[in-house]
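Below are the chains, spelled out letter by letter.
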Amino acid sequence: MNCDFDRIIDRRQTCSVKWDFNQKIFGCEDILPLWVADMDFQAPEAVIEALVNRAKHGIFGYSDGMDDYYESLSTWMHEHHGWEIQRDWVSFSPGIVFALYQLVRSLTKPGDKILLQSPVYPPFFKAVKNNGRELVNSQLRFTQGRYTMDFEDLEKKFSSGVKMMILCNPHNPVGRVWEREELDRLGQLCLAHDVLVISDEIHGDLIYQGHRHIPFAALSSELALKSIVCTAPSKTFNLAGLQTSNLIIPNPEYRQAFQETRDLTGIHNPNVFGITALEAAYRHGGDWLNQLMVYLQGNVEFIMSSLDSVPQLQAVRPEGTYLMWLDFRELGMEPKELQKFLVHKAGVGLNPGFQFGPGGDGFARLNIGCSRSLLEEGFERIRVAIDGLG
């Protein structure tokens, strides 16, 4: 079935965080929202049909994943990422941000050092600081339009007593899909300094041609026992509102610690519709995903080719995700001044770069998971606003 990603679906009045809360989030109602990481596309038809059929059953009692749930997840990991996982490695979580908080609490102690690589997804910072741990940052290097890990700085920081690292793989917001050589080098440093790696791989299915996602725990049996992979169908198939995620934890001690901490919050079984959607997506969503990635690649090419018309604006070409990291530094604006300009002069809602930590000032995150016509409108608004600066 051919998917029509050009179709515009009105999301207003659907309790959409992206479309229904502009005034609350940006202080301005009349803007085009191109920020929070969900897409403006319908989920695969097979997922919609499965949910409708489940709803028609009419009974929505307590639920849990059965054999089909785990089989669909393990088959997807094997076929798409070449990783063989075992059923007992899998632990449910309603979301990865929730899981990060619980992992920090269950596997580190107050005051322990936890390392991040900024600019990075803002909730990472809160998961560390709100739990009374010490944040250690190793800022990514940005040279010739591409981000890389600073391995010398990583080794120095690890030597200071870091206990845990939260890795973003692929990286949000800069769009890097870390290569095997990079991950291997990172893994060896972590083993040498006894650093536990929590790898957020929620964008791991959204990979552009020429790149390949490698689950961190799949690098070696040794690293599998020293890492936890966080995954979900939510970004891949636009299912975030169903709040169904999975942690893949090969180490039984880590798995037990996480489950005990999670259970203390009162969280237990997954959402019945989340179970249904996950099974249908992983079993029948492959062709939809292939078509999505072709469409998203076209959106990337549109942005990159349009930059010639705005010499003051640059963009980092993503290797994965449906997010693009825009560089507004040539405008010479202070971070909050830039955000005010984008909202009130350009009329677009983007994620301000300063929220992503050191290295984010002067940047903004653009969500390209939308129809080409909406993306064109958003870019044109930005172009006109910049031209108006004189």
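For the structure itself, look to the data block above.
All values derive from a computational prediction rather than experimental measurement.

In terms of nonpolar packing, the biggest core is built from 70 residues, with Leu292, Leu313, Phe328, Leu350 and Ile368 touching the most fellow members. In terms of residue count, the dominant contributor to this core is helix α13 (residues 286-306) (nine residues). Discounting chain neighbours no more than four positions away, the residues touching Leu350 are Phe26, Leu34, Trp35, Leu326, Phe328, Gln339, Leu342, Ala364, Arg365, Leu366 and Ile382. With 27 residues, the next largest nonpolar core counts Leu140, Phe158, Val316 and Phe356 among its residues.

Moving on to the environment of Glu152. Structurally, Glu152 is set in helix α7 (residues 151-159). We classify Glu152 as partly exposed; its relative accessible area is 49%. Each C-alpha atom of the pair Glu152 and Ala50 lies 49 Å from the other, and the pair is 102 residues apart in sequence. Contact partners of Glu152, with chain neighbours within four places excluded, come to Arg141 and Arg185.

Bringing unusual backbone geometry into the picture now. With omega at -5°, the peptide bond leading from Ser118 into Pro119 counts as cis. Structurally, the position occupied by Pro119 is in the loop between β3 (113-116) and α6 (123-129). Omega for the peptide link from Asn172 to Pro173 comes to 25°, which places this bond in the cis form. Within the secondary structure, Pro173 sits in the loop between β7 (162-168) and α8 (180-192). Unusually for a residue other than glycine, Asn238 sits at a positive phi of about 60°. Relative to the elements of secondary structure, Asn238 occurs in the loop between α10 (234-237) and β10 (245-248).

A separate point is the pattern of salt bridges. Tallying each qualifying case throughout the model produces 23 salt bridges. One salt bridge connects Asp40 with Lys18, and the closest N-O pair in it is separated by 3.7 Å. Here the residue Asp40 occupies a position in the loop between β1 (32-33) and α3 (45-57), and Lys18 occupies one in helix α1 (residues 17-20), the gap between them amounting to 22 residues. One exposure class covers both Asp40 and Lys18, and it is buried. Residue Glu319 pairs with Arg146 through a salt bridge whose shortest N-O separation is 3.0 Å. Taken together, the residues Glu319 in the loop between β11 (314-316) and β12 (323-327) and Arg146 in strand β6 (residues 146-148) connect sequence positions 173 residues apart. Glu319 sits in the buried class, given a relative accessible area of 7%. Since its relative accessible area comes to 31%, Arg146 is described here as partly exposed. What emerges from the salt-bridge pattern is a single network uniting Arg146, Arg176, Glu179, Glu182 and Glu319.

Scoring rules and cut-offs
Residues numbered from 1 in each chain as written. Predicted model: local features only at pLDDT ≥ 70, side-chain atom pairs only at ≥ 80, totals over all residues. Heavy atoms only, no water. Core = buried A, V, L, I, M, F, W, Y, C linked by side-chain atoms within 4.5 Å. Buried < 20%, exposed > 50% of the residue type's maximum accessible area, 1.4 Å probe, protein only. Helix = DSSP H or I, 4+ residues; strand = E, 2+ residues; numbered from the N terminus. Contact = heavy atoms within 4.5 Å. Salt bridge = Lys/Arg side-chain N within 4 Å of Asp/Glu carboxyl O.

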